[in-house]
Amino acid sequence: MSRLLLINGPNLNLLGSREPQIYGDTPLTRIEAAAASEAAQLGHQLDCFQSNHEGELVERIQAAAADGTALILINAGAYTHTSVALRDALSAVALPFIEVHLSNVYARETFRHRSLLSDLAAGVIVGFGPLGYRLAVIAAHQQLSA
Ligand code: DQA
């Protein structure tokens, strides 16, 4: 059994009502529950955290280094494209992480094409909507078994 941490960044608490034509109509609570259930089936525990605040996200990543987290799944939302602080936090804790995006960021505005996280990630899953989170859990399982 490994402990996995799912982190969602700004505005992802609005999933369900936020731009459903881009992000779908599934609320974050359901996405988290489905990912946790997938993790449990694979014998892992999934902790979930969402914040709209960059500093809180940094602090949760830092805490992961000491709480037994084996791997982080992260959709950093808009901070993906801007936050050196999140990149540095992920780099500092040196835990493997998988980057997830609901939408295909490469089919959207050019400012979304750049991620400050991807080159440090074990892998990146984009464009599959809520399914991407379950795929990320499966990928995490494979990473941890390898
Ligand atoms: C997102 C893509 C980001 O560009 C955007 O700022 C988000 C959501 C996604 O899941 O598709 O908030 O990370």
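Residues numbered from 1 in each chain as written. Predicted model: local features only at pLDDT ≥ 70, side-chain atom pairs only at ≥ 80, totals over all residues. Heavy atoms only, no water.

### Examining the nonpolar core
Then, number 1: L4, L15, L46, L73, I98, L102 and Y133 are the most contacted members of the largest nonpolar core, which has 20 residues in total.
Then, number 2: Mapped by element, the contributors of at least two residues to this core are β1 (3–8), α2 (28–41), β3 (69–75), β4 (97–101) and α5 (131–145).
Then, number 3: The residues contacting L102, other than those within four sequence positions of it, are L12, L15, Y23, I31, N75, G127, F128, G129, P130 and Y133.
Then, number 4: Core analysis: the second largest hydrophobic core is formed by 18 residues, I72, I74, A76 and L117 among them. (Core = buried A, V, L, I, M, F, W, Y, C linked by side-chain atoms within 4.5 Å. Buried < 20%, exposed > 50% of the residue type's maximum accessible area, 1.4 Å probe, protein only. Helix = DSSP H or I, 4+ residues; strand = E, 2+ residues; numbered from the N terminus. Contact = heavy atoms within 4.5 Å.)

### What about the pattern of salt bridges?
Then, number 1: Within this structure, the stated rule accounts for seven salt bridges.
Then, number 2: Here E19 ties to R18 by a salt bridge, and the two come within 3.9 Å at their closest N and O atoms.
Then, number 3: A relative accessible area of 36% means that E19 is categorised as partly exposed.
Then, number 4: Among the salt bridges present, the one from R87 reaches D119, with a minimum N-O distance of 2.7 Å. Placement of R87 in helix α4 (residues 84–93) and of D119 in the loop between β4 and β5 (123–126) is noted, with a sequence separation of 32 residues between them.
Then, number 5: Overall, R87 belongs to the partly exposed group, its relative accessible area being 24%.
Then, number 6: Taken together, the salt bridges that share partners define one network made up of R108, E109 and R112. (Salt bridge = Lys/Arg side-chain N within 4 Å of Asp/Glu carboxyl O.)

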